[in-house]
Amino acid sequence: SVLLAEAQWKSYKVAAELARLDTKAEPTLGINTGKDSNEDVIGLTFSMPLNVRNNFSAERRAAAEKALSAEAKFHSVQRKQKYRIQAATNIAQQYQKQFQRWKSLFAKNNTQNQKLLEKQWYTGDLSTSDYLLALQQNMAGALSGIELQEKFQLSIIDWLTATGQVNSYVLPSA
């Protein structure tokens with residue numbers, strides 16, 4: 001969208017320059033031929049327009065205003081995209097931190113906790129309902145980690161989209 005806005009701006013800029021150059025009075029020369037009685041007749045006409053009534057300033061101003069409008073749109077789209085990239089970067093970094101923290105806290109201790117719970121249940125230190133409740137809590141912790149990982153990956157996709165790198169990331173050049 002930024003490249004499109006820039007291309008439109010540049011095309012309007014060129015059109016404004018052409019309109020500026022086209023506002024000059026251009027003389028015309030006409031040649032007429034024919035016959036009058038038995039004689040060949042050649043007529044020349046020359047016309048030099050005077051910029052008294054129409055100095056073409058309206059066309060020139062309109063083209064210049066279109067170019068200015070396109071430039072403003074380009075800068076607006078560029079700023080919007082810049083802020084979108086910054087926001088996507090910050091969101092991805094936050095999800096990455098949260099996911100890494102979850103991995104360091106949960107993933108390492110999860111297998112040890114499950115073994116300890118199972119051992120306590122087999123020895124009778126833990127009732128079946130308490131054991132099932134603890135397993136359910138472990139499962140909820142694992143699900144929250146999966147959700148964090150999903151949000152992190154989606155934020156990376158959003159960042160790739162914002163920076164225009166989806167194709168290069170998904171389909172790397174050979």
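Below is a short write-up of the structure. None of the values given here were measured: they were computed from a predicted structure.

## Some words on the environment of A62
Piece 1. Note on placement: A62 falls in helix 2 (residues 57–123).
Piece 2. Residues A62 and A16 lie 46 residues apart in sequence; the distance between their C-alpha atoms is 8.1 Å.

## Describing the side chain of Q81
Piece 1. With respect to the element layout, Q81 can be found in helix 2.
Piece 2. With near-sequence residues (within four places) excluded, Q81 lies in contact with S1, V2 and A162.

## A closer look at the pattern of salt bridges
Piece 1. Within this structure, the stated rule accounts for 4 salt bridges.
Piece 2. R20 is the salt-bridge partner of E17, the closest N and O atoms lying 2.5 Å from each other. Highlighted residues: E17 and R20, both in helix 1 (residues 2–21), separated by 3 residues, approximately one helical turn.
Piece 3. Taking the relative accessible area as the measure of exposure, R20 reaches 42% and is therefore partly exposed.
Piece 4. The residue K35 makes a salt bridge to D40 at a minimum N-O spacing of 3.5 Å. Like D40, K35 is exposed.

## Some points on unusual backbone geometry
Piece 1. Although it is not a glycine, S37 adopts a positive phi angle of roughly 60 degrees.
Piece 2. With respect to the secondary-structure elements, S37 resides in the loop between strand 1 (28–36) and strand 2 (39–47).
Piece 3. A relative accessible area of 67% means that S37 is categorised as exposed.

## Quick word on a nonpolar patch on the surface
Piece 1. Taken together, V14, L18 and L21 make up a surface patch of nonpolar side chains, about 280 Å² in accessible area.
Piece 2. Taking the relative accessible area as the measure of exposure, L18 reaches 55% and is therefore exposed.

## Section: the packing of aromatic side chains
Piece 1. Under the counting rule described, the total for this entry stands at 6 aromatic pairs.
Piece 2. Both rings, one in W102 and one in F106, keep their centres 5.2 Å apart while their planes meet at 20 degrees; by these two values the pair is stacked. Taken together, the residues W102 and F106, both in helix 2 and 4 residues apart, mark about one turn of the helix. Taken individually, W102 and F106 each receive the classification buried, so the pair is uniform in this respect.
Piece 3. Seen in terms of ring centroids, W121 and Y122 are 5.4 Å apart; in terms of plane orientation they differ by 40 degrees. Their pairing is tilted.
Piece 4. You can call W121 partly exposed: its relative accessible area is 30%.
Piece 5. Site record: aromatic cluster; members linked through ring pairs are F99, W102, F106 and F152.

## Considering the pairing of strand 1
Piece 1. Relative to strand 2, strand 1 runs antiparallel, the two being bridged by 9 bridges. Bridge pairing in strand 2 links T33 to I42.
Piece 2. Linking strand 1 back to strand 2 in an antiparallel pair, the connection comprises 2 residues, with S37 at a positive phi of about 60 degrees.

How each quantity is defined
Residues numbered from 1 in each chain as written. Predicted model: local features only at pLDDT ≥ 70, side-chain atom pairs only at ≥ 80, totals over all residues. Heavy atoms only, no water. Helix = DSSP H or I, 4+ residues; strand = E, 2+ residues; numbered from the N terminus. Contact = heavy atoms within 4.5 Å. Salt bridge = Lys/Arg side-chain N within 4 Å of Asp/Glu carboxyl O. Buried < 20%, exposed > 50% of the residue type's maximum accessible area, 1.4 Å probe, protein only. Patch = residues over 30% accessible without salt bridge, like charges linked within 9 Å, V, L, I, M, F, W, Y side chains within 5 Å. Areas by Shrake-Rupley, 256 points an atom, 1.4 Å probe, with all protein chains shown as cover. Phe/Tyr/Trp six-rings, centres within 6.5 Å; stacked < 30°, edge-to-face > 60°. Pairing = 2+ DSSP bridges.

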